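Single-letter residue listing:
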Amino acid sequence: MQNFIERFLQTSALYPEKTALVCNEEKMTYAQLEQLSTKIASRLLRSGARKEKIYPIVLERSMEYIASIIGILRAGAAYSPLSTEYPKDRVAFIIKDSGADFAIDDSFLENIEDEKILSEFPEIHMEDAAIAIYTSGSTGNPKGIIHDHWSFTNAIVRQLEVGATADDIEMSVTPFNFAISSHDILTSLWAGAEIHILTEEQRKDILFIDSYIDKHGITASVISPQMLKQLPVRESTLKLINSGGERISGIYSPYARIKNAYGLSELLSIAMTFELDKAYDNTPIGRPLSGFKALLLDDE
């Protein structure tokens, strides 16, 4: 099985001039995304990056955020998706707990376009760490969950069953620190889709989202149940919606396929899906994707 970096390099070679990312009307092709992520990987390696090292990402929602994820993986290290909206003490705790030398932030990326690309990069093995997901810390300090490339890649392959294809134009509105969100973007890049990243302000504006769908011909998106309830039910270019993170109730559209995507951060991806055929008070979580089994347990 290919790891993500192998597949991304293959996809960027296949679609070099195709738009990969769009944010605030700025576009980045697959070739440009590969170049930027490779420069980030080169800077990381010159800064001492190595396997099993975790690098938290603390950036605004942007194309550079996604390039940093790819760059960290290209350098053979693992990433931890954080947010600029996190309290400083939470970010400091995660940096310390993960053993990171530093975080990927605006200062790290300063003048990154001038970085010289290295000629060699570490070989990635499936047992190498790929991502560290930190829990909310609601019962104490956040706890890190590490996935290796085997788990990471399997999650992408499973998500291809319900995600965007190379023909789709996807809109990203869910927080990047939500593990399934950043992973969904990587799944779409694996497939060769075009991804539109809405900024923090834009993604919270329902009217903006509704108009953006038509303006840019958006065909697929991951949208939370709470946000989905606020979107007008109408015919548009949006034909595929994955929704999850909380119980779906009272939601249905005859114009788009809406899938209840059930999965935990600890699983890294969607585990079970159910396509809505009507509005339910309590929507079924559905059937497991390939590689998963559903076990029904009694009280004991």
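Within each chain, residues carry numbers counting from 1 in the order of the written sequence. In keeping with the predicted nature of the model, local features appear solely for residues at pLDDT of at least 70, side-chain atom pairs appear and are counted solely at 80 or more, and the whole-chain, interface and lining totals rest on all residues. Computation of side-chain values: all heavy atoms of the structure, hydrogens and water removed.

Enquirer: Explain the side chain of Ser 188 here, please?
Expert: Each helix corresponds to a stretch of at least 4 residues labelled H or I by DSSP, and each strand to a stretch of at least 2 residues labelled E; elements are numbered beginning at the N terminus. By the secondary structure assignment, Ser 188 is in helix 6 (residues 179-191). Note on Ser 188: relative accessible area 1%, which makes it buried. It only takes one pair of heavy atoms within 4.5 Å for two residues to be counted as in contact. Non-local contacts of Ser 188, meaning those with residues more than four positions away in its chain, are made with Tyr 30, Ala 164, Glu 170, Ala 193 and Ile 195. For every residue, the accessible area obtained with a 1.4 Å probe (protein chains only) is divided by the maximum for its type, and the residue is called buried under 20%, exposed over 50%, and partly exposed between those limits.

Enquirer: Help me out: how do you make sense of a negative patch on the surface in this one?
Expert: Patch membership requires more than 30% relative accessible area and the absence of a salt bridge. Residues of like charge join within 9 Å; the nonpolar side chains Val, Leu, Ile, Met, Phe, Trp and Tyr join within 5 Å. Only the protein chains shown count as cover for residues, and the accessible areas themselves come from Shrake-Rupley with a 1.4 Å probe. Salt bridge criterion: a side-chain nitrogen from Lys or Arg within 4 Å of a carboxyl oxygen from Asp or Glu. Neither His nor the chain termini are counted; the positive set is Lys and Arg, and the negative set is Asp and Glu. Lysine's charge is taken at NZ, arginine's at CZ, aspartate's at CG and glutamate's at CD. Together, Glu 26, Glu 60, Glu 64 and Asp 106 line one region of the surface with negative charge. Tracing the sequence through the fold places Glu 64 in helix 3 (residues 63-74). In this structure Glu 64 comes out as partly exposed when scored by relative accessible area, which is 33%.

Enquirer: What should I look at first to understand the environment of Ser 290 in this one?
Expert: As for its placement among the helices and strands, Ser 290 is situated in the segment after strand 13 (287-288). Note on Ser 290: relative accessible area 45%, which makes it partly exposed. C-alpha separation for the pair Ser 290 and Met 272, spaced 18 residues apart in sequence, amounts to 9.2 Å. Nitrogen and oxygen atoms within 3.5 Å of one another constitute a polar contact, given that in protein one can donate a hydrogen and the other can accept it, and given that sequence-neighbouring residues count only through two side-chain atoms. Here the side chain of Ser 290 touches Glu 161 through a polar contact of 2.3 Å, side chain to side chain.

Enquirer: Looking at this model, I keep getting lost on the packing of helix 5 (residues 149-159) against helix 6. Mind explaining?
Expert: Two packed helices can be described by the angle between their axes and the distance between those axes. The convention used is that axes are lines fitted to C-alpha atoms, helices contributing only their stretch in contact, and that angles between N-to-C directions extend from 0 to 180 degrees. As a packed pair, helix 5 and helix 6 sit with axes 9 Å apart at the nearest point and diverge in direction by 70°. Considered as vectors, helix 5 and helix 6 are oriented roughly perpendicular to each other. In contact with Phe 152, Thr 153, Ala 155, Ile 156, Val 157 and Gln 159 of helix 5, helix 6 contributes Ile 180, His 183, Asp 184, Leu 186, Thr 187 and Trp 190. Each residue receives one of three labels: charged for Asp, Glu, Lys and Arg, nonpolar for Ala, Val, Leu, Ile, Met, Phe, Trp, Tyr, Cys and Pro, and polar for the others, Gly being one of them. Grouping the amino acids of the contact of helix 5 with helix 6 by side-chain chemistry returns 7 nonpolar, 4 polar and 1 charged. Orientation labels follow simple angle bins: below 35 degrees gives roughly parallel, above 145 gives roughly antiparallel, 65 to 115 gives roughly perpendicular, and whatever is left gives oblique.

Enquirer: Explanation requested: the sheet that holds strand 11 (residues 257-262) in the structure shown.
Expert: Read from one edge to the other, the open sheet built from 9 strands follows the order 2-1-8-7-9-10-11-12-13, with strand pairing classed as mixed. Two strands bound the open sheet, and with one partner strand each, they are strand 2 (26-29) and strand 13. If DSSP finds at least two bridges between two strands, the strands pair. In the sheet, strand 7 (residues 169-172) pairs with strand 9 (residues 220-222) via 3 bridges, with the strands oriented parallel. Its bridge partner being in strand 9, Met 171 is matched across the sheet by Ser 221. Against the sheet, helix 6 contacts strand 1 (19-23), strand 7, strand 8 (194-197) and strand 9, and its axis sits at roughly 165° relative to strand 7. Seen against the sheet, helix 8 (residues 206-216) touches strand 1, strand 7 and strand 8 and runs at an angle of roughly 160° to strand 7.

Enquirer: It is not clear to me how the pattern of salt bridges should be interpreted in this structure. Could you clarify?
Expert: Between side chains of opposite charge, a pair can form as their charged atoms come close. Taken as a whole and judged by the stated rule, the model has 11 salt bridges. The salt bridge involving Asp 210 is made with Arg 234; its shortest N-O contact spans 3.0 Å. Highlighted residues: Asp 210 in helix 8 and Arg 234 in the loop between helix 9 (225-230) and strand 10 (240-243), separated in sequence by 24 residues. Asp 210 gets classed as buried once you look at its relative accessible area, which sits at 17%.

Enquirer: Explain the environment of His 183 to me, please; I cannot follow it from the model alone.
Expert: Tracing the chain through its elements places His 183 in helix 6. Along the backbone, His 183 and Phe 152 are 31 residues apart, and their C-alpha atoms lie at a distance of 8.6 Å. Contact partners of His 183, with chain neighbours within four places excluded, come to Phe 152, Ala 155, Ile 156, Gln 159 and Leu 268.

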